[in-house]
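Reading the structure
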Amino acid sequence: MVIQRKQYLDELIKRRDNGRVKIITGIRRCGKSYLLFKLYKDYLIESGVKEDQIIEIALDNIENIKYRNPFNLYEYVNNFAKSGKKYYVFIDEIQFSEEVENPYAQTDSAEKITFIDTLLSLMRRDSLDIYVTGSNSKMLSKDVLTQFRDRGDEIHLQPLSFAEVCSVYDNTDTAWNDYVVFGGMPYVFKLNTFEEKSRYLKDLFKETYIRDILERNDIKNSEEIFEILLDFVSSSVGSLSNPTKLANRFLTENKIKISNNTISKYLSYFEEAYVIYCAKRYDVKGGKYFSTSQKYFFADIGLRNARLNFRQVEETHLMENILYNDLLRRGFDVDVGVIEYVYREDNKLTKKQFEIDFVVNRGNVRYYIQSAFALSTQEKIEQETRSLNLVKDSFRKIVVVKDDIVPRYDNNGIYYIGIKSFLLSEDILNF
């Protein structure tokens, strides 16, 4: 089974030979190495690049252990640059590169030499085009991109989208039924039974993500806290939350006293590792962000379900999470919208806040999108569209429903479309 990850492959192709280091980021096991070492390598060879012009270094391989030293890695790759030929350098698992002392430093407080120094030096060679991937939080974090400043291009890889998953199914309904339960981690689609898929996703969390974060941040004796926190976030996906609410829940349900700041810090670790995303609340009329509550979504819905032993697979909230991820994949900035409605009742002014699931921005284009599982009655339709109708600007307003429907507009100009049609139409937001 080969899933052509065209969007990301095209991004690499577009950045070929641009003089910058290409940094492939994303949650572990989402297919970064496959994208680079299989799909992109095949493209280069098909475009005329000879196989001996592609330098492949897997730092997790024992035979390449000496190249974990940044000086040795630099020397090895730089020798190719001296030949005068063009080379494409693929370095996998860059986080295995070690920090070493600067042999020329005069003081013990001098900064260590890292793979960042190696890559920044190599990228000055016109004959080298450099690509790196990483598989743990060291590489997944934003720290690396910050150190590259304006000399690195990030290609952020997400788990398989619904459209990508559909490419290996004969029926979109079957694809959806599996996707809403198991998500889009690529290896899941090599497994056959529910038990195999469930065990794989659960082990990913415990043995990979949680362990990585604990080790990276040198956190000891807090694994239970992380486990509980993830379960809380999993059970409230798509609902408003904040560190204060979560701290109260720790105290009420688990008799554990933990500060808001600690919870906020722990949540940021999962965000840095791309396990969860935080969607801020945006005041549509006031043009400002609220700091009191936000929503958390999982990078992969299958991982979220696995945290809860597949007990809470409610398509209402999961559909919202899937929609959020797909909007991010398409390159949009996505917020949770809030619109205030002021009206007079009993000779008093009353204020109410209504939510718009997603305020979606890219450049000077905006969309308002509501995720509505079902619109079975007129009352439900009015409930789901009330917030959209309160917005008086001219940007498009969309309601996405679970059912397969004929896309249509209502009398107020709101566009209705089914979730599968939305996810399968790359140009749906260009209409």
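The coordinates are above.
Notes on the structure in this doc start here.

Structural notes on the overall build of the protein chain
Within the protein chain one finds 16 helices and 14 strands. Taken against the 2.2 N^0.38 rule, which gives 22 Å for 431 residues, the C-alpha radius of gyration of the protein chain at 24 Å falls within 12% of a compact globule. Classification of the 431 residues of the protein chain by burial places 52% in the buried group. In the protein chain, the proportion of contacts linking residues at least 24 apart, taken out of those at least 6 apart, comes to 67%. Summed over its atoms, the accessible surface of the protein chain is roughly 20,900 Å², and 45% of this surface lies on carbon and sulfur atoms. Here the protein chain carries 62 positive and 65 negative side-chain charges, and the mean point of each set is 3 Å from the other.

Quick notes on the packing of helix H9 (residues 194-216) against helix H10 (residues 223-235)
Interaxial distance between H9 and H10 falls to 11 Å at its minimum, and their mutual angle equals 120°. Of the possible angle classes, the one that applies to H9 and H10 is oblique. In this structure, the crossing between H9 and H10 has a hand that is right-handed. Contacts from Phe205, Lys206, Ile210, Ile213 and Leu214 of H9 reach H10 at Glu223, Phe226, Glu227 and Leu230. Its residues assigned to classes, the contact of H9 with H10 shows six nonpolar, no polar and three charged.

Thoughts on the layout of surface pockets
Within this model, the largest pocket holds a volume of roughly 820 Å³. What lines the largest pocket is a set of 30 residues, and nearest its centre among them are His156, Leu328, Arg329, Gly331 and Phe332. Those elements that provide at least two residues to the lining of the largest pocket are helix H1 (6-14), strand S5 (152-156), strand S7 (276-283), helix H14 (315-329) and strand S9 (333-345). Among the elements that take part in the lining of the largest pocket, S7 stands out by supplying four residues, more than any other.

Points about the sheet that holds strand S10 (residues 348-362)
Pairing is mixed across the open sheet formed by nine strands, whose spatial order is S6-S8-S7-S9-S10-S11-S12-S14-S13. Across the chains shown, the open sheet's two edge strands, defined by having one partner strand only, are strand S6 (240-241) and strand S13 (408-409). The pairing of strand S11 (residues 365-372) with strand S12 (residues 396-401) spans six bridges and is parallel. Bridging from a neighbouring strand, serine 371 pairs with valine 400 of S12.

A closer look at empty space enclosed by the protein
Under the counting rule described, the total for this entry stands at three cavities of 30 Å³ or more. In this model, the largest cavity occupies a volume close to 150 Å³. What lines the largest cavity is a set of 16 residues, among which Leu160, Ser161, Tyr179, Ala299 and Asn325 lie closest to the centre. For the lining of the largest cavity, the element with the most residues is H14, which contributes four residues. By residue class, the composition of the lining of the largest cavity is eight nonpolar, five polar and three charged.

A few points about the packing of helix H11 (residues 243-254) against helix H12 (residues 260-272)
For any two helices packed against each other, the geometry comes down to the angle between their axes and how far apart the axes lie. Where H11 contacts H12, the two axes come as close as 9 Å, and the packing angle between them is 110°. One finds that H11 runs roughly perpendicular with respect to H12. Contacts between H11 and H12 involve Pro243, Thr244, Leu246, Ala247 and Phe250 on the former and, on the latter, Asn260, Ile263, Ser264 and Leu267.

Rules used in this analysis
- Numbers given to residues run from 1 along each chain, matching the order in which its sequence is written.
- Residue-level local features of this predicted model are given only where pLDDT is at least 70; pairs of side-chain atoms are given and counted only at 80 or more, and the full residue set underlies all totals for whole chains, interfaces and linings.
- The side-chain figures draw on all heavy atoms in the structure; neither hydrogens nor water molecules are used.
- The way it works is that DSSP assigns letters per residue, a run of H or I at least four long becomes a helix, a run of E at least two long becomes a strand, and they are numbered from the N terminus.
- For the radius of gyration, the atom set is restricted to C-alpha positions; the globular benchmark scales as 2.2 Å times the number of residues to the power 0.38.
- Think of it in three bands: with a 1.4 Å probe and only protein chains considered, a residue is buried below 20% of the maximum accessible area for its type, exposed above 50%, and partly exposed in between.
- Contacts between residues were defined by any pair of non-hydrogen atoms, one from each residue, lying within 4.5 Å.
- Note on areas: these come from Shrake-Rupley sampling with a 1.4 Å probe, and a residue is covered only by the protein chains present in the view.
- None of His or the chain ends enter the tally, which takes Lys and Arg as positive and Asp and Glu as negative.
- The location of each charge is read from NZ of Lys, CZ of Arg, CG of Asp or CD of Glu.
- To define axes, lines are fitted to C-alpha atoms, for helices over the stretch in contact only, and angles between the resulting N-to-C directions are given on a 0 to 180 degree scale.
- Orientation categories follow fixed angle ranges, with anything under 35 degrees roughly parallel, anything over 145 roughly antiparallel, 65 to 115 roughly perpendicular, and all other angles oblique.
- By definition, any crossing whose near helix is turned counterclockwise from its far helix by less than a right angle is left-handed, and any crossing with a clockwise turn is right-handed.
- Residues are sorted three ways: Asp, Glu, Lys and Arg are charged, Ala, Val, Leu, Ile, Met, Phe, Trp, Tyr, Cys and Pro are nonpolar, and all the rest, Gly among them, are polar.
- Grid points spaced at 1 Å and placed over the protein atoms alone form the basis of the search, with a cavity being a set where a 1.4 Å probe fits but cannot get out and a pocket an open set showing protein on both sides within 12 Å along at least five of seven lines. Lining residues have an atom within 4 Å of a point.
- Grid points are joined across faces, edges and corners, and a volume is the space filled by probe spheres set on the points.
- A pair of strands is labelled paired if DSSP reports no fewer than 2 bridges between them.

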